[in-house]
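Architecture at a glance
Each chain is listed here by its residues.
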Amino acid sequence: MLIDRATVEVRAGKGGDGAISFLHDKNTEFGGPDGGNGGRGGSIYFVAAEDVNSLFAFKHSRVFIAPDGGKGRKALMHGKDGEDVIVKVPVGTSVYREEDMRLIADLDEPGAKALIAEGGRGGRGNASFKSSRRRIPRIAQNGREGERMRLRLELKLAADIALVGFPNAGKTSFLNLVTNARAMTGDYPFTTISPNLGTFVGEDYHRYVIADMPGLIEGASEGKGLGISFLRHIERCRLIVHLVAMDGERDPLEAYESIRKELAGYGARLEERPEVVVASKMDTEGAKERLSSFEKAIGKKAFPLSSFERTGYEEILEEAVRLLKDAPRFPLKGEESEARMVFSLEKEEPLFEIARESPGIFRISGKGPEEKAKEWNLTTDQGLASLFRYLEKIGVEKTLREMGIQDGDEVRLLSFRFDYVS
């Protein structure tokens, strides 16, 4: 069974804390600062590997954790960097951020590698803060937290051509005829319950991959039948070969228009892909008359095919190769442009916010203050002074005064608390 969706969690490593240390040496009269920097936290990368063909290994939600960076030490010894974690995924895997389904990586080529969660930066030791004005720095930075997020993985087959059509339209028979595939066929609906792949070599000596999709039905784009589970695999295909049976069991025009409606309803511009229309099962009685009427109705050529008699397939492949030469790459669903792994911030978040939790208690929040509170070592006077200077610089103190804060009121920032003094 093809497992083509999975949910995982990634946690990059935290950067190591910087050290506060001073040189103590019998040969040195005045020891200076010698605290080393913390190491970088390990990052998490996803790599597209040809020896992985499904997301079965991720079937049950998994967590990938990169190690933290080592702490800085005395004698200017820096902490060890955390090892990066490499996760192998199938070629054709799209990585989405679960909270908003934003596409963050598209690993559509063998060996493609993407940084998914970056490790935190190591904190600077007190030796890094030495200057002509600060000869004895009693300050160090804590390492930053690594990135954490939940991800949705979706495998979208990396095929050139997608075969679509109603159940029993002859897609699998055509695949077996023109490729080395040996997929099961049967004279009943939904013989194919998962995509089948095959390859053929065109006249240009290039190898092309064909994906035979399970039969679509009306309402597939809304979740009916098997189709919705596999419509995503068509996204990566650059050409659609649409098979319409001429055996008289279903009106050809109605079948053609129904499938086109489902492709459009999926929402990934599938209906804009180049298309080869194939009139299958031409060996049945009355097929030629139905083909003539069908071509007039759709206003374009439909290539006749009889997989049973092994006729018509050469012209179909020639037309497919011709169209593929100029077929563009379409963005995946959720991918806003051709550029990959690029985010645009439509609205900047406020630098900080202050809330009155109760009389005499104020809570500071926001990315800027919270990152600084985590970054500085607040167990030292100089660390506290650095934090307070930053809060004053960005306008926190001014805002507190405007909100009516009084001496002795409590101010909270994450787990850090202090009493306000004007």
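What counts, and at which threshold
All residue numbers refer to positions counted from 1 along the written sequence of the respective chain. Totals for whole chains, interfaces and linings use every residue, but because this is a predicted model, local features are given only for residues with pLDDT of at least 70 and side-chain atom pairs only at 80 or more, for both listing and counting. Side-chain measures here rest on the full set of heavy atoms in the structure, leaving out hydrogens and waters. The numbering of helices and of strands both runs from the N terminus, where a helix is a DSSP run of H or I of at least 4 residues and a strand a run of E of at least 2. The buried label applies to any residue whose accessible area, calculated with a 1.4 Å probe on protein chains only, is under 20% of its type's maximum; exposed applies above 50%, and partly exposed to all values in between. Should any heavy atoms of two residues lie within 4.5 Å, those residues are counted as being in contact. Residue exposure ignores everything except the shown protein chains as possible cover, and the areas themselves are Shrake-Rupley values with a 1.4 Å probe. Salt bridges are defined by distance alone: a side-chain nitrogen of Lys or Arg within 4 Å of a carboxyl oxygen of Asp or Glu. Pairing between two strands requires that DSSP report at least two bridges joining them. Inter-axis angles, ranging from 0 to 180 degrees, are taken between N-to-C directions of lines fitted to C-alpha atoms, where helices are fitted over the stretch in contact. Pairs of N or O atoms within 3.5 Å make up the polar contacts considered here, provided that, within protein, one atom can donate a hydrogen while the other can accept it, and that residues adjacent in sequence are counted only when both atoms are side-chain atoms. The definition of a nonpolar core used throughout is a set of buried Ala, Val, Leu, Ile, Met, Phe, Trp, Tyr and Cys residues joined through side-chain atoms within 4.5 Å. What counts as a ring pair is set by centres within 6.5 Å for rings of Phe, Tyr and Trp (its six-membered ring), and what kind of pair is set by the plane angle: stacked under 30 degrees, edge-to-face over 60, tilted for all other angles. Our definition puts a charge over a ring when NZ of Lys or CZ of Arg is within 6 Å of the ring centre and also within 35 degrees of the ring normal.

**Topic: the overall build of the chain**
Within the chain one finds eight helices and 18 strands. In the chain, buried positions account for 48% of the 422 residues. Once local pairs closer than 6 in sequence are excluded, the contacts in the chain between residues at least 24 apart make up 71%. As displayed, the chain offers around 22,400 Å² of accessible surface, 48% of which is attributable to carbon and sulfur atoms.

**What about the pattern of salt bridges?**
Counted according to the given criterion, the structure contains 21 salt bridges. Between Arg-412 and Glu-410 there is a salt bridge; the shortest N-O distance is 2.5 Å. In this structure Arg-412 comes out as buried when scored by relative accessible area, which is 15%. One network of salt bridges, with partners in common, ties together Glu-357, Arg-363, Glu-410, Arg-412 and Arg-417.

**Looking at the sheet that holds strand β7 (residues 113-117)**
Strand order across the open sheet formed by three strands is β4-β2-β7, with mixed pairing between neighbours. Either end of the sheet is taken by a strand with one partner, and the two such strands are β4 (85-90) and β7. Adjacent strand axes in the sheet meet at a mean angle of 30° when their direction is disregarded.

**What about the environment of His-242?**
With respect to the element layout, His-242 can be found in strand β12 (residues 239-245). Residues His-242 and Leu-163, 79 residues apart in the sequence, show an inter-C-alpha distance of 6.0 Å. Setting aside its immediate chain neighbours within four residues, His-242 contacts Val-164, Gly-165, Tyr-256, Ile-259, Arg-260, Glu-275, Val-276, Val-277 and Val-278. Side chain to side chain, His-242 and Glu-275 meet in a polar contact 3.1 Å long.

**Looking at the sheet that holds strand β11 (residues 207-212)**
Across the sheet, six strands lie side by side as β10-β11-β9-β12-β13-β14; this open sheet has mixed pairing. Each end of this open sheet is capped by a strand with a single partner; those strands are β10 (196-201) and β14 (303-304). Where β12 meets strand β13 (residues 275-280), six bridges bridge the pair, whose relative direction is parallel. What sits directly across from Val-241, in β13, is Val-276. Together, β9 (161-164), β10, β11, β12, β13 and β14 form the strand contacts of helix α5 (residues 313-324), whose direction differs from that of β13 by roughly 170°.

**Some remarks on the pairing of strand β18 (residues 416-419)**
By the alternation rule, side chains of β18 split into Phe-416 and Phe-418, which are all buried, and Arg-417 and Asp-419, of which none is buried. Note that strand β17 (residues 410-413) and β18 share four bridges and pair antiparallel. Counterpart to Val-411 in the pairing with β18 is Phe-418. Hairpin connection of β17 to β18: two residues between the antiparallel strands, including Leu-414 at a positive phi of 55°.

**A short note on the nonpolar core**
Core analysis: the biggest nonpolar cluster contains 28 residues, and Val-10, Ile-44, Phe-46, Phe-58, Ile-116 and Leu-151 have the highest contact counts within it. Breaking this core down by element, the ones donating at least two residues are β1 (5-11), β2 (44-49), β4, β6 (102-107), β7 and β8 (148-155). Here this core takes four residues from β8, the largest share from any one element. Core analysis: the next-biggest nonpolar cluster, separate from the first, contains 27 residues, Phe-166, Ile-240, Tyr-256 and Leu-291 among them.

**Quick word on the environment of Phe-56**
Examined against the element boundaries, Phe-56 turns out to sit in the loop between β2 and β3 (62-65). Phe-56 gets classed as exposed once you look at its relative accessible area, which sits at 56%. Along the backbone, Phe-56 and Ala-6 are 50 residues apart, and their C-alpha atoms lie at a distance of 8.3 Å.

**Considerations on the packing of aromatic side chains**
Using the criterion set out here, one finds seven aromatic pairs in the structure. Pairwise contacts between aromatic rings join Phe-388, Phe-416 and Phe-418 into one cluster. Above the face of the Phe-166 ring, Arg-250 is positioned so that its terminal group lies 3.9 Å from the ring centre. The positively charged end of Lys-301 is found above the aromatic ring belonging to Phe-303, 5.0 Å away from the centroid.

**Things to note about the pairing of β2**
With five of its six residues buried, β2 lies for the most part within the structure. Note: β2 against β4, six bridges, orientation parallel. The residue bridging Ala-49 from the neighbouring strand is Pro-90, located in β4. In this sheet, β7 lies alongside β2 in antiparallel orientation, the contact comprising four bridges. Paired with Val-47 across the two strands is Lys-113, which belongs to β7.

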